Amino acid sequence: MQKGRFRAFARRAYLRFSHQSLFVKYFSVFLVIVTICFAALGVTLGLFLMNYWSDQTAVLLQENAKTVSQSTAQVLSSWLRDEPQGSVIFICNDLSTVSEAIGADVFMCDPDGKIILCKDILSSDLVVRNDGVCDIHSAYTVPQEVLREAAKGGYFARGTLDGLYESTHLAAAEPVVVHGAVAGYIFAVEPLNLSFQGYFFNMLRLFAFASLLALCIGFAVIYLFTANLVRPLKEMSKATKAYAAGDFSPRVTVRGRDELAELMEAFNRMADSLALQESTRRSFVANVSHELKTPMTTIGGFIDGILDGTIEPARQNHYLRIVSDETKRLSRLVTSMLNMSKIEAGELQLQPKRFDVCRDIFDSMLSFEQLIARKNIEVLGLDALEPTYIVADRDLLHQVIYNLIDNAVKFTENGSIFVAVRQAPGEGTTVSIRNTGTAGISSEELSRVFERFYKVDKSRSYDTKGAGLGLYICKTIVEMHGGTITAKSDGSAYVEFSFTLPERPLP
C-alpha cells in the first residue's frame with residue numbers, strides 16, 4: 001500500500017516537473033545536485049573530523065596519562081613518602097590540574113582496580129574531603145582485563161572499558177611503577193559523544209556558513225548562466241512561432257562559439273532557407289498560375305471563336321495549330337512537374353541502354369525546325385557529328401537534350417546555335433550546346449540557373465515561357481548518371497550549357 005502511494009506521488013511529482021519551463025528545470029536540478037553534494041560533503045567532513053578528533057584525543061590522553069604516571073611515581077618514591085597526606089594532596093592536585101587542562105576525567109586506581117585518587121576528593125583550599133572517599137569514583141572498579149592491558153603501557157581504548165561505563169568513552173592508561181612494582185594505574189577518560197559534540201558543532205557552524213555563502217554565490221551564478229543559456233532558446237521559440245505565422249524575417253542573435261552558437265547559426269541558416277523556399281514557392285505559384293492561365297485562355301478563346309463562327313473557316317487551321325502548340329506547352333509543364341515530384345520522392349529510376357546520342361540530338365533539333373526557321377537561327381556543328389554511343393537512360397537523357405535545345409532556341413534571336421559532342425577514353429562523353437544572339441547571363445545569375453523554380457529576370461518575356469524547372473531537372477538527371485552539367489556565359493553575347501557523362505558498361 002505504502003509502495004503504491006509512493007509511486008503515485010513520484011509520478012505526480014515527475015509530471016508536474018516535466019511541465020515546468022526549461023529554466024526552472026535547470027535551476028531545480030542544479031539546486032538538488034548542489035544540495036546533495038554539500039550534504040555528502042558534510043557527512044564526509046563529519047566522519048573525517050570524528051576520526052581526526054579521536055586520533056588527536058587519543059594522543060592527548062596518552063601523553064597526559066603518561067606524564068601524570070611519571071609524576072605520581074616520583075611522588076610515591078620521593079621524600080614525600082613519610083608524609084602520606086602531602087603525597088595525596090600533591091597527586092590529587094596534579095590529577096585536578098591535568099583534568100581541567102584537557103577536559104578529561106583523570107584518576108588513579110590501585111592494582112586491584114579500585115579508584116583511590118581523583119580530582120574530586122580535593123577541595124579548592126587543597127584539603128582532602130570525606131576522608132579521601134569520592135562519591136563519584138568510589139563506586140567504580142576497573143576490570144582486571146583492562147588492568148592487564150594497561151600494565152603493558154601505552155594503553156588506549158574506545159568503548160565502555162568492559163562495562164565500567166554505560167556509554168562509549170575514550171580511555172588511556174599508564175601503570176605507576178615504583179621500585180619495579182606496579183603501585184597503581186593512571187587513567188585519562190573522556191566521553192566520546194559529549195566531548196566530540198562541542199567540537200563538531202563548532203566545525204559544523206563554520207561549514208554551514210561557508211556552504212551557505214558558496215550556495216548563494218553558486219545560485220547567483222547558475223541563475224545568470226541558465227538565463228543566458230535559455231535566452232537564445234526563447235528567441236528561437238519566438239522566431240519559430242513567427243515562421244509558423246508566415247513571417248520569416250526574425251533571426252536569433254549568435255553569441256559565443258560553443259555548441260549553442262552552432263545551433264543558432266544553423267537555425268538562422270534554416271530560416272534563410274525557409275525564407276528562400278517560401279519566396280520561391282510564391283514565385284512558383286505565380287509562375288505556374290501564369291503559365292497555366294495563358295495557354296488555357298488562348299486555347300479557350302480560339303476554340304470559342306471557331307465554335308461561334310467568329311473565326312473564318314479559312315483561318316481555323318491556323319488557329320488550331322496555335323491551340324496544338326499551347327496544348328503541347330501545357331503537357332511539357334505537367335510533365336516537368338511530375339518529373340520533379342518523382343525526383344524528390346526518389347521514384348525516378350534509371351533504365352540504361354546503349355544508343356547513339358548524336359541521333360537523339362538530330363531528332364530533338366528537328367522538332368524545333370519551324371521555330372528555328374521563323375527566328376532566322378543558324379544551326380552549326382550538326383554536319384560534324386558522328387555516331388557516338390553511350391550507355392544511359394535514353395528517355396531521361398532525351399529530356400536533358402530537348403530542354404537545353406529548347407532554351408537555346410527560345411533565347412536566340414537572329415543568332416546561331418552550335419552543337420558539339422566529344423568522346424574521349426577515360427573522360428566520358430561531353431555534349432555542348434551554345435547559342436548566340438542573346439543578352440547572356442550575368443555571373444551572379446549563372447550560379448543559380450540550376451536551382452529549382454529559378455528564372456533569370458531577362459527570361460520573363462513572351463518567348464521564354466516556363467516555370468524554372470527545366471534546368472533543375474536536367475541537372476538532377478545528369479547527376480543521377482554520375483555526370484556533371486555546367487553553364488558558361490560572357491554576360492553579353494553567348495550562353496553555353498555542357499554536360500559530361502562518364503563511361504559505364506551495359507547493365
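Look a little higher up for the structure.
Residues numbered from 1 in each chain as written. Predicted model: local features only at pLDDT ≥ 70, side-chain atom pairs only at ≥ 80, totals over all residues. Heavy atoms only, no water.

Our next topic: the packing of helix H10 (residues 394-410) against helix H12 (residues 470-480). Axis separation between H10 and H12 bottoms out at 9 Å; the angle between their running directions is 145°. Remark: the crossing between H10 and H12 carries left-handed chirality. Residue-level inspection shows Leu-396, Leu-397, Gln-399, Val-400, Asn-403, Leu-404 and Asn-407 of H10 in contact with H12, the latter providing Gly-470, Leu-471, Ile-473, Cys-474, Ile-477 and Val-478. Here the residues of the contact of H10 with H12 are counted per class, giving nine nonpolar, four polar and no charged. (Axes fitted to C-alpha atoms, helices over the stretch in contact; angles between N-to-C directions. Helix = DSSP H or I, 4+ residues; strand = E, 2+ residues; numbered from the N terminus. Left-handed = near helix turned anticlockwise from the far one by under 90°. Contact = heavy atoms within 4.5 Å. Nonpolar A, V, L, I, M, F, W, Y, C, P; charged D, E, K, R; others polar.)

This part is about the nonpolar core. With 43 residues, the main nonpolar core has Phe-107, Val-142, Leu-161 and Phe-187 as its most contacted residues. Where this core is concerned, the elements lending two or more residues are helix H2 (22-76), helix H3 (84-102), strand S1 (105-109), strand S2 (115-118), helix H4 (144-150), strand S3 (155-159), strand S4 (169-178) and strand S5 (181-191). Phe-450, Leu-469, Ile-473 and Phe-497 belong to the second largest nonpolar core, which has 42 residues in total. (Core = buried A, V, L, I, M, F, W, Y, C linked by side-chain atoms within 4.5 Å. Buried < 20%, exposed > 50% of the residue type's maximum accessible area, 1.4 Å probe, protein only.)

What follows concerns the pattern of salt bridges. For the coordinates displayed, the defined rule picks out ten salt bridges. Taking the shortest distance from any N to any O, the salt bridge between Lys-119 and Asp-120 comes out at 3.2 Å. Using a relative accessible area of 27% as the deciding quantity, one classes Lys-119 as partly exposed. A residue is classified by how much of its surface remains accessible, and Asp-120, at 22% relative accessible area, is partly exposed. (Salt bridge = Lys/Arg side-chain N within 4 Å of Asp/Glu carboxyl O.)

A sheet is described by the order of its strands in space; here five strands give the open sequence S2-S1-S5-S4-S3, paired in antiparallel fashion. What marks the edges here is a single partner per strand, and that holds for S2 and S3. Between one strand and the next, the sheet's axes are offset by a mean angle of 30°, whatever the strand orientation. Alignment of S1 against S5, held across five bridges, turns out to be antiparallel. Among the inter-strand pairings, Cys-109 is bridged to a residue of S5, identified as Tyr-185. (Pairing = 2+ DSSP bridges.)

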